[in-house]
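Notes for the structure review
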Amino acid sequence: MTQRGRATRPTGPAGRPRRSDGPRTGDRAGAPRGDLAARRARLREVIEPVVSAAGYDLEDLSVSRAGRRHVVRVIVDADGGINLDAVADVSRAVSAALDAAEESAGDLVAGEYQLEVSSPGVDRPLTLPRHWRRNVGRLVKVTVRGAAAGPERRATGDRQLTGRVAEADDAHVVLETESGRVTHPYAELGPGRVQVEFHRLDEAADDEFDETDDIDDDDDDVEDEER
């Protein structure tokens with residue numbers, strides 16, 4: 001397949017428009033949901049091996065409509081996070097793999113579509129052990145399902161728990177709460193949600209301000225030299 005409408009432009013951390021030769025039969029706004037599920041499955045077969053080979057995890061893959069085109073969103077992550085340069089590298093590798101797959105098997109998504117590759121935001125739910133592991137040290141709110149409490153370990157109803165992730169392995173997560181440290185197997189937990197801590201944002205802002213002051217001083221020195 002030749003490249004069509006390939007002018008690269010960022011959309012979020014990384015993305016570019018892709019255009020096929022035109023709309024296909026059944027690629028209308030009212031297309032059945034099964035079509036999108038089939039597209040996701042076909043795209044995952046191509047994209048996931050590329051992301052894994054680059055050393056990252058494919059956290060999410062979605063296909064949605066935006067007007068007359070589709071948007072293919074790819075979320076990738078890794079231990080220690082992933083920076084913008086790495087996201088751009090993955091985006092190029094995924095794009096090349098999609099080109100190769102379309103050349104051999106035809107369009108994976110009928111019509112024009114936009115590829116977007118990014119890292120997870122703080123609003124992404126923690127659903128897998130690796131998600132909890134990557135958020136050690138952060139404050140999290142989570143639903144504990146039918147939590148067993150008390151010396152007789154009687155089952156109680158669901159309850160909300162807020163705590164800081166102290167430890168996380170493949171079986172359990174340890175949370176530091178106001179009442180002490182508690183351990184829960186993942187089967188007892190719903191999706192965790194990272195909580196925004198404003199005092200930490202203030203600390204980050206202060207650090208950035210200090211760096212800006214240094215930069216301004218350097219700029220003044222350069223202006224003096226130019227004079």
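Residues numbered from 1 in each chain as written. Predicted model: local features only at pLDDT ≥ 70, side-chain atom pairs only at ≥ 80, totals over all residues. Heavy atoms only, no water.

Let us now look at the sheet that holds strand E10 (residues 180-185). Taken in spatial order, the five strands line up as E10-E9-E8-E5-E11 in an open sheet, and their pairing is antiparallel. Here the strands that pair on one side only, and so sit at the sheet edges, are E10 and strand E11 (193-194). (Pairing = 2+ DSSP bridges. Helix = DSSP H or I, 4+ residues; strand = E, 2+ residues; numbered from the N terminus.)

Ranked by size, the top nonpolar core spans 24 residues in total, and within it Leu43, Ile47, Val72, Val74, Val94 and Leu98 carry the most contacts. Elements supplying a minimum of two residues to this core: helix H1 (33-53), strand E2 (57-66), strand E3 (69-77), helix H2 (84-105) and strand E4 (113-118). With seven residues, H2 is the single largest residue contributor to this core. In this structure valine 94 touches Ile47, Val50, Val51 and Leu115, once residues within four positions along its chain are discounted. Core analysis: the second largest hydrophobic core is formed by 13 residues, Leu126, Val165, Ala168 and Val194 among them. (Core = buried A, V, L, I, M, F, W, Y, C linked by side-chain atoms within 4.5 Å. Buried < 20%, exposed > 50% of the residue type's maximum accessible area, 1.4 Å probe, protein only. Contact = heavy atoms within 4.5 Å.)

Here we take up H2. Taking 1.5 Å as the rise per residue, H2 with 22 residues should run 32 Å; its terminal C-alpha atoms sit 31 Å apart, in good agreement. Residues of H2 that are buried include every one of Ala86, Val87, Val90, Ser91, Val94, Ser95, Ala97, Leu98, Asp99, Ala101 and Glu102, and no others. The backbone nitrogen of aspartate 85 has a side-chain oxygen 3.2 Å away, supplied by the residue at the start of H2, namely asparagine 83. Positive backbone phi, at 90 degrees, marks glycine 106, one or two positions downstream of H2. (Expected span 1.5 Å × (residues − 1). Polar contact = N/O pair within 3.5 Å; in protein donor to acceptor, adjacent residues only side chain to side chain.)

Turning our attention to the confidence of the model for the chain. Scored by pLDDT, the chain has a mean of 76; 68% of the residues are at 70 or more. Every residue in residues 1-32 scores below 50 in pLDDT, and together they form 72 contacts with partners more than four places removed in sequence or on other chains. Scored below 50 in pLDDT, residues 207-227 shows zero contacts in the model against residues more than four places distant or in partner chains. (pLDDT = per-residue confidence, 0-100.)

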